[in-house]
Amino acid sequence: MLEIEIDGKKAQVPDGSTVMDAAQQLGVYIPHFCYHKKLSIAANCRMCLVQVEKAPKPLPACATPVTNGMKVFTHSDLAVKAQKGVMEFLLINHPLDCPVCDQGGECQLQDMSVGYGPMKSRYTEEKHVVFHKDVGPLISMQEMSRCIHCTRCVRFGQEIAGVMELGMANRNMHSEIMTFVGRTVDSELSGNMIDLCPVGALTSKPFRYTARSWELQRRKSVSPHDSVGANLVVQVKHDNVMRVLPRENEAVNECWISDKERFAYQALNSEARLTRPMVKQGGEWREVEWNVALDYVAHGLKDVAREHGGDAVAALAAQSSTVEELYLLGKVMKGLGSGNVDFRPRQADFGTDFKRAGTPWLGMRLADIKDLDAALVVGSFLRKDHPLIAQRLRQAAKKFTKVSMLSVTADDQLINLHASLSVAPSQLVFALAGVVKAAALAKGLAVPDGLEAVAVCETAQRIATSLLAGEKRAVFLGNVATQSADATQLHLLALELGRLTGASVGFLGEGANTVGAHLAWALPNGANARQMFAQPRKAYVLMGVEPEFDCANPQQALAALKQAALVVYMSAFKHDPALEYADVMLPIAPYTETSGTFVSTEGRIQSFNGVVKARGETRPAWKILRVLGNVLNFAGFDYQSSEEIRDAVLGQSGEFASGLSNDLGGLVLAMPAQPAAGLQRIADVPIHFADPMARRAPALQQTADARPPALRASAGTLAALGLAAGGQARVRQGDGVAVLDVQQDDNVPADCVRVAAAHPTTAQLGEMFGEITVERA
Amino acid sequence: MAMMGAINPVLMAGLNGDDGWRLKDYVARGGYEQLKRILQTGLTQEDVIGEVKKSVLRGRGGAGFPTGLKWSFMPRSFPGDKYVVCNTDEGEPGTFKDRDIMRYNPHAVIEGMIIAGFAMGASRGYNYVHGEIWEIYKRFEEALDEARAAGFLGQNILGTSFGFELFAHHGYGAYICGEETALLESIEGKKGQPRFKPPFPASFGLYGKPTTINNTETFASIPFILKMGGEEFLNLGKPNNGGTKLFSVSGHVNRPGNYEIPLGTSFAQLLEMCGGMRGGRKLKAVIPGGSSAPVLPADVIMDCTMDYDSISKAGSMLGSGAVIVMDETVCMVKALERLSFFYHEESCGQCTPCREGTAWMYKVVHRIENGLGKPEDLDLLNSVLGNIAGRTICALGDAAAFPVQSFIKHFRGEFEHHIDHKTCLVPKDVQWAGSGFHKIPA
Amino acid sequence: MFSSETLDKFAREVAKYPADQKQSAVMACLAHAQEEKGWLPAEAIEAVANYLGMPPIAAYEVASFYNMYDLKPLGKYKITVCTNLPCALSGGYHAGEYLQQKLGIGYNETTADGKFTLKEGECMGACGDAPVFIVNNRSMCSHMHPEQIDKLLEECK
Ligand SMILES: Cc1cc2nc3c(=O)[nH]c(=O)nc-3n(C[C@H](O)[C@H](O)[C@H](O)COP(=O)(O)O)c2cc1C
Ligand code: SF4
Ligand code: FES
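None of the values given here were measured: they were computed from a predicted structure.

Analysis parameters
- Residues numbered from 1 in each chain as written.
- Chains lettered and ligands numbered in written order.
- Predicted model: local features only at pLDDT ≥ 70, side-chain atom pairs only at ≥ 80, totals over all residues.
- Heavy atoms only, no water.
- Helix = DSSP H or I, 4+ residues; strand = E, 2+ residues; numbered from the N terminus.
- Rg over C-alpha atoms; globule rule 2.2 N^0.38 Å.
- Buried < 20%, exposed > 50% of the residue type's maximum accessible area, 1.4 Å probe, protein only.
- Contact = heavy atoms within 4.5 Å.
- Areas by Shrake-Rupley, 256 points an atom, 1.4 Å probe, with all protein chains shown as cover.
- Lys, Arg positive; Asp, Glu negative; His and termini not counted.
- Charge placed at Lys NZ, Arg CZ, Asp CG, Glu CD.
- Pairing = 2+ DSSP bridges.
- Phe/Tyr/Trp six-rings, centres within 6.5 Å; stacked < 30°, edge-to-face > 60°.
- Lys NZ or Arg CZ within 6 Å of the ring centre and 35° of its normal.
- Near = heavy atom within 4 Å.
- Nonpolar A, V, L, I, M, F, W, Y, C, P; charged D, E, K, R; others polar.
- Salt bridge = Lys/Arg side-chain N within 4 Å of Asp/Glu carboxyl O.
- Polar contact = N/O pair within 3.5 Å; in protein donor to acceptor, adjacent residues only side chain to side chain.
- UniProt positions renumbered as here; feature names shortened; annotations may be inferred.
- Domains from an automatic or database assignment.
- Buried area = accessible area lost by both parts, 1.4 Å probe.

Considerations on the overall build of chain A
When you go through chain A residue by residue, the secondary structure sums to 24 helices and 33 strands. Taken against the 2.2 N^0.38 rule, which gives 28 Å for 777 residues, the C-alpha radius of gyration of chain A at 28 Å falls within 12% of a compact globule. Over its C-alpha atoms, taken along the principal directions, chain A stretches across nearly 90 × 70 × 55 Å. Taken over 777 residues, chain A has a buried fraction of 64%. For chain A, contacts bridging at least 24 residues in sequence account for 72% of all contacts bridging at least 6. Accessible area for chain A stands at about 27900 Å²; split by element, carbon and sulfur atoms hold 51% of it.

As for the overall build of chain C
In terms of regular secondary structure, chain C is built from 7 helices and 4 strands. The contacts in chain C between residues at least 6 apart in sequence include a share of 59% that link residues at least 24 apart. Charge-centre separation for chain C: the mean point of 14 positive side chains lies 4 Å from the mean point of 20 negative side chains.

Let's talk about the sheet that holds strand 6 (residues 133-134) of chain A
Pairing is antiparallel across the open sheet formed by 3 strands, whose spatial order is 6-7-10 (chain A). Strands at the two margins of the open sheet, each flanked by one partner only, are strand 6 and strand 10 (203-204) of chain A.

Regarding the packing of aromatic side chains
The tally for this structure, following the rule as stated, stands at 29 aromatic pairs over all chains. Between the aromatic rings of B:F118 and B:F162, the centroid separation amounts to 5.5 Å while the plane-to-plane angle is 90 degrees, which identifies the pairing as edge-to-face. On the criterion of sequence distance, the pair formed by B:F118 in helix 6 (residues 106-120) and B:F162 in the loop between helix 7 (134-149) and strand 4 (165-170) is long-range, its members being 44 residues apart. Put simply, the rings of B:W134, B:Y137, B:Y172, C:F65, C:Y66 and C:Y69 pair up and form one aromatic cluster. Between A:R344 and the ring centre of A:F343, over which it is positioned, the NZ or CZ distance is 5.6 Å.

Looking at the site of ligand 2
The immediate surroundings of ligand 2 are formed by 13 residues, with B:C348, B:C351, B:C354, B:T392 and B:C394 found nearest. Its residues assigned to classes, the shell around ligand 2 shows 8 nonpolar, 5 polar and no charged.

A short note on the side chain of A:R212
Residue and element names in this part refer to chain A. As for its position among the elements, R212 is in the loop between strand 10 and strand 11 (217-222). As a buried residue without a salt bridge, R212 has its nearest oppositely charged side chain in D102, at a separation of 5.0 Å. Within the structure, R212 has its side chain in polar contact with the backbone oxygen of C98 (distance 3.4 Å). Aside from chain neighbours lying at most four places away, what touches R212 is C98, P99, V100, C101, D102 and G104.

A short note on the UniProt feature "binding site: [2Fe-2S] cluster" (unreviewed entry) in chain C
Listed under "binding site: [2Fe-2S] cluster" (unreviewed entry) in the UniProt record, and renumbered for this structure, are C:C82, C:C87, C:C123 and C:C127. Taken along the chain, the residues just named run across 46 residues; in space they keep tight, none of their C-alpha pairs more than 8.8 Å apart. Structurally, C:C87 can be placed in helix 5 (residues 85-89). Examined against the element boundaries, C:C127 turns out to sit in the loop between strand 2 (116-121) and strand 3 (133-135). Beyond its immediate sequence surroundings of up to four residues, C:C127 is in contact with B:G94, B:T95, B:F96, B:S250 and C:P86.

Thoughts on the domain arrangement of chain A
The figure often quoted for interface size is the accessible area lost as the parts come together. All names here are of chain A. Domain assignment breaks chain A into domain 1 (1-92), domain 2 (278-350 + 514-650), domain 3 (366-507) and domain 4 (680-776). The gap between the C-alpha centroids of domain 2 and domain 3 is 35 Å. With 6 residues of domain 2 at the interface, the matching set in domain 3 holds 10 residues. Both sides together, the interface formed by domain 2 and domain 3 hides about 630 Å², and carbon and sulfur atoms give 47% of it. Applying the counting criterion to the domain 2 and domain 3 interface returns 0 salt bridges. In this structure, the connection of domain 2 to domain 3 is made through 4 residue pairs in polar contact (both at pLDDT 80 or more).

As for the interface of chain B and chain C
Residue-level contacts link 66 residues of chain B with 47 residues of chain C. Interface of chain B and chain C: buried area, both sides summed, is about 4400 Å²; carbon and sulfur atoms make up 56% of it. Across the contact surface, chain B and chain C share 4 salt bridges. Between B:E141 and C:K16 there is a salt bridge, with its nearest N and O atoms 2.9 Å apart. Here chain B and chain C share 24 residue pairs in polar contact (both at pLDDT 80 or more) between them. Those elements that place two or more of their residues in the side of chain B that touches chain C are helix 5 (97-104), strand 3 (124-129), helix 7, strand 4, helix 8 (180-187), strand 6 (244-251), strand 12 (322-327) and helix 14 (332-346) of chain B. Looking at which element gives the most residues to the side of chain B that touches chain C, the answer is helix 14 of chain B, with 8 residues. Split into classes, the residues belonging to the side of chain B that touches chain C amount to 29 nonpolar, 20 polar and 17 charged.

Description of the site of ligand 1
Residues and elements named next belong to chain B. In the vicinity of ligand 1 lie 19 residues, with G61, N87, N214, N215 and T218 positioned nearest. At 3.0 Å from an oxygen atom of ligand 1 is found a side-chain nitrogen or oxygen belonging to K70. One of the side-chain N or O atoms of N214 is found 2.9 Å from an oxygen atom in ligand 1. Starting from 600 Å² of accessible surface for ligand 1 in isolation, the protein chains cover 89%. In terms of residue count, strand 5 (residues 211-215) provides more of the shell around ligand 1 than any other element does, 3 residues in total.

Points about the UniProt feature "domain: 4Fe-4S Mo/W bis-MGD-type" (unreviewed entry) in chain A
Under the feature "domain: 4Fe-4S Mo/W bis-MGD-type" (unreviewed entry), the UniProt entry names residues 216-272 of chain A. Here residues 216-272 of chain A runs as 9% helix and 35% strand, with 24 Å between its end C-alpha atoms.

Quick word on the sheet that holds strand 25 (residues 584-587) of chain A
Residue and element names in this part refer to chain A. One open sheet holds the 7 strands; their spatial order is 15-14-25-24-23-16-17, and the pairing between them is mixed. Across the chains shown, the open sheet's two edge strands, defined by having one partner strand only, are strand 15 (284-287) and strand 17 (341-342). The sheet contact formed by strand 16 (residues 313-317) and strand 17 spans 2 bridges and is parallel. If you follow L316 over to strand 17, its bridge partner there is D342.

Here we look at unusual backbone geometry
Residue and element names in this part refer to chain B. Following K197, the chain continues into P198 via a peptide bond in cis, with omega recorded as 0 degrees. Mapping P198 onto the fold places it in the loop between helix 8 and strand 5. In the segment running from P198 into P199, the intervening peptide bond is cis, with an omega of 5 degrees. Topologically, P199 is positioned in the loop between helix 8 and strand 5.

Let's talk about the pattern of salt bridges
In the structure shown here, the tally under the stated rule is 85 salt bridges over all chains. The residue A:R646 makes a salt bridge to A:D647 at a minimum N-O spacing of 3.2 Å. The salt bridge involving C:E122 is made with B:R338; its shortest N-O contact spans 3.1 Å. Here C:E122 is found in the loop between strand 2 and strand 3, whereas its partner B:R338 is found in helix 14 on a different chain. For C:E122, a relative accessible area of 10% puts it in the buried group. In this structure B:R338 comes out as buried when scored by relative accessible area, which is 4%. Taken together, the shared-partner salt bridges in this structure form one network comprising A:R346, A:E546, A:D550, A:R695 and A:R696.

What about the interface of chain B and chain A?
Taken together, the contact pairs 34 residues of chain B with 34 residues of chain A. In total, about 2900 Å² of surface goes out of reach between chain B and chain A, with carbon and sulfur atoms giving 54% of it. Contact with chain A buries area across many residues of chain B, yet B:F196, B:W360 and B:R391 alone supply 25% of it, more than any other trio. Run the count over chain B and chain A and you get 3 salt bridges. A:E125 is the partner of B:R367 in a salt bridge, and the nearest nitrogen-oxygen pair spans 2.9 Å. Listing elements by their share of the side of chain B that touches chain A, those giving two or more residues are helix 14, helix 15 (352-369) and helix 16 (377-388) of chain B.

Below, the structure is given as structure tokens:
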């Protein structure tokens, strides 16, 4: 520890601290622009110059290491003169357009220049003008003359996003932030650069000129878009969501959010919203009052249940539904005598149902990822499925964590990987088995039963070795592992690997409330998400799901829905395909218009309130389900608030949910038979097609991540199929056909084609990881 | 001819223009003997560094930091890679000595770097060569090939366990890469943007590894110091200013060129060696150490001896030993305008005071030169340069500030005349007569 | 994109640096690329970046930072004139003016026949030989007084 005194206040700081660190610890504010606690030190803005005793010159607080006994003065004449001098330099070429600048009111430069007193400019030369740039639909670089060259955006790309898309070109006063020859910025984390930019140079393209910062009310919320549960500030004007920003929570999202979380809000204010209940009568859709709609639903469901038994009714919910919604949905189904309720539309293998020792989760806390010695991610499109977890692993890998991937494509995760293996989906289980066996052999233990015949490759050994060394290790099962036809075996193998190596085992989590859905017991007693379509039912309730995009086998789901007598469709959005098979549409509140609770993949319970008034006739789903329960005369539907429901489900749990466990009982390891050779489909769920909100956010839909799916395969596979990159191919699963552009992608394993799910062009296809046939179109 | 003149030359002794640069010539002059002596008689690292310390060799790149002391900062027991880097970026206006050293005596640089590698336990070196002297860079690569073929570079040099690899890296037009940390960034394949110090290169240098950077002339002196002994080298110069040094004399002298003379030689004598003032005109001012050194008026410089301490006492810096001589035909406003343009153009652009301040200063001086000066401009310039100097990441900020400060200090009258009368104090025809740099009238 | 000769040069440059520091060769590779192409089109910069496994924008930063890379097409002969103070004191400006008159172009311009481009340069480290030019980044010309300039222009075919 070192002793330091700043402006007369004393502190003890750890070795290696800078003066800025010490000042923050003491609560002394030192003006700065380039310094950011999550980025490397650049010391280029020179705003943080302070006086240090015995130093002849002012020193930058952000870059000056504390020495024992150091005395620092941040307000001395020397310091203030230096700071004012820098301020003057920053302003000489800065346009004085605060009144029309989007950053106005939340600009660090503006705040500081006010703080340093009105200054008549001594600069009478012409101001330097910097040309604007177009870098895509999310970030505006329209007024680059405002840039103060702090390079935060550049460092963010290099260090946090893991990809350098912006750079500072040229030199001297002609230095300019730009992309390579007019390219777009495509990182899934790019929007954070807008927050980092201390001035109005990088601004949000969708938000620009829609509001002034002082008109906005700031409300807390929680992201519904992925399993991390990023904390948000939702900014609101006249009951419209104008902007979504990260709310700093070091343990959850640090100070970042993904672009999806930042820009999906556009869908909330759009024409795409469903705002009135509707009922189809005689083939015609009619807007109706709520009581009419709910009567219709209640009678419809009751009639089916009475005539065909409760088992003829099934309900499927999205994983971004709240704990409260899922709980009441399950309860309604129970009242109808049905156990057919589920929230896992993409799952193919339900072998662990009734065998789980508790609620599956990450197996550790997010904040502890940085301390891992090694991590293995199994079956994941990591960067796109879990941008913030990928970010944490990226930072960890830079220090000492050995991060390995075992997945179905070799997509660049922008992580410095220790080892990586990509195999066909059907081979994932054998590849993981290889790691398990390698771990057993390395420890000199018996190879687990069933794995005798499994081959062990060098990479498997390398991964196993990494998991055996050090204190803290983790195995993470990603969405592909969850959605795999071998999900149960993968889960068992991961547990075995954990047992052999001492690594924790966990799930990255498919949705914002996957853990919460388990806890709310929205799980089948009867037919699961697959069975309810494989054996068609008479009536369905869909909550927040768009089956064409969200189901493992959309073909099968649609066939079942089309034959049903009653389909109740609950959604925040109009969904044209549903007009055909649904009979009732109920507008339910998105996360900004209802209170509720998500339990993130680390088991963190996060309740939130609505931040704007519900749009039109929209109602929170928990209230709708409560009324439905009442109309149906079921007992136990008299909750007054979402909090009451939450407490009924989670008890007085505190910060983290209890009962989390990934253990399984009563299942044995058994390798599946090697599948017959054939062409396999690999279906990712592209980040901006992953949920109904993102699908309807115009800016997100213009990004590189939202390009329509192509058929992607390696050069070898393309040649074997007689396809040429740049051409087109007809792909077929069952009776579903799609015609797609062909792209060469050598990250796709041999004998596989990558055809993304969740997009209109591929919605008629079948199993995400099933067989597929391809011919030249 | 290699040199325009010399007194007791060391580095350039016995050189015969372009003919003597090859390995065989260097060996004939006693080259690589010191490397052999070190490796074959079992001299220790301490012995070598001790000798360099005794010589009071001060860095020839500009700052004049004692080389032996710098070498002793390297963590000698550090287990991983360590680097020795030579700075042949020579971009400081007025300086052209390293080019001649590399042109006529490249093996002295190579031997000096190998010895440095030995002394600091570094196994790899790079020589960063100014991009504009491409032909010299190519020659240096040839010299490296010769040294490699002769077994002076590579693994197990002269059959010992000591190994050293050396490569040339060329610049491509950026003055700032002469600054040692910008140079390291440049070798790493990035823009030449200086690093904030601390940490210093001795602990975090090239690729983050301990690194020592010296100027070409510094390294080239090493074999000679070992040959004659540190003390004798020191005695060539004067106390605290050991040895001889190359001075690059440019401007209004009859014979511009490089002169190797003992430190402590009087400026008057140097001027005489240069054949005196061109056209017999009167000396007006001298920039004694490269363009970033403060300018000294004739009467001040005429009283100086050419060594670090004397020039520093006179209010300037010996710097790289580039002596820019200006006669009475020079308009000092125009001269400063050109220098201010240079520093603004060469600012790397990362830190605010330098990026913004150098451009501002240039614009104001440019205005004054063009008859648009205002009475308050000189105070403004002094205030702006005060806000640059000492506030930047690297010393380019200071380098840009010193000329402005010193020109205004010593030649304020000329600036005021420009502002008041919208024209030069030195009449135009006088300027034209003196090979100044105003447009020749049609 | 590049001739096998140029690619050989790339490989030789990369070999100068530790195996995990390929990016160090970017300056040299860009220089070789420019030598082959005459200037540095974006595709060439990107190809160099890909060759070295670095982001294209990082290679662009380098190409735009150092003066001797040409990001726009230019004449067959690029003549860079040093006009910094030491050269200027010995006729640097005059030499530049003489060149401009002879070629009928100003700095940063190219003759109509596409043969010559003129540039103004900073100190080339040869002030004792003033006035100095550099032709095509490679050959330094000393003492460039009018007769010398005439001879140089003669030789540039
Ligand atoms: C802006 C700037 C330019 C410099 N240019 C050079 C140069 O061209 N050559 C050089 O040897 N040193 C130059 N230096 C000094 C180097 O940073 C460094 O001090 C020197 O190379 C150390 O070598 P020495 O101790 O042998 O002098 C420059 C410094 C600054 C601040
Ligand atoms: S002082 Fe100038 S050259 Fe040095 S780091 Fe700052 S901007 Fe770059
Ligand atoms: S915050 Fe310290 S220099 Fe920018």
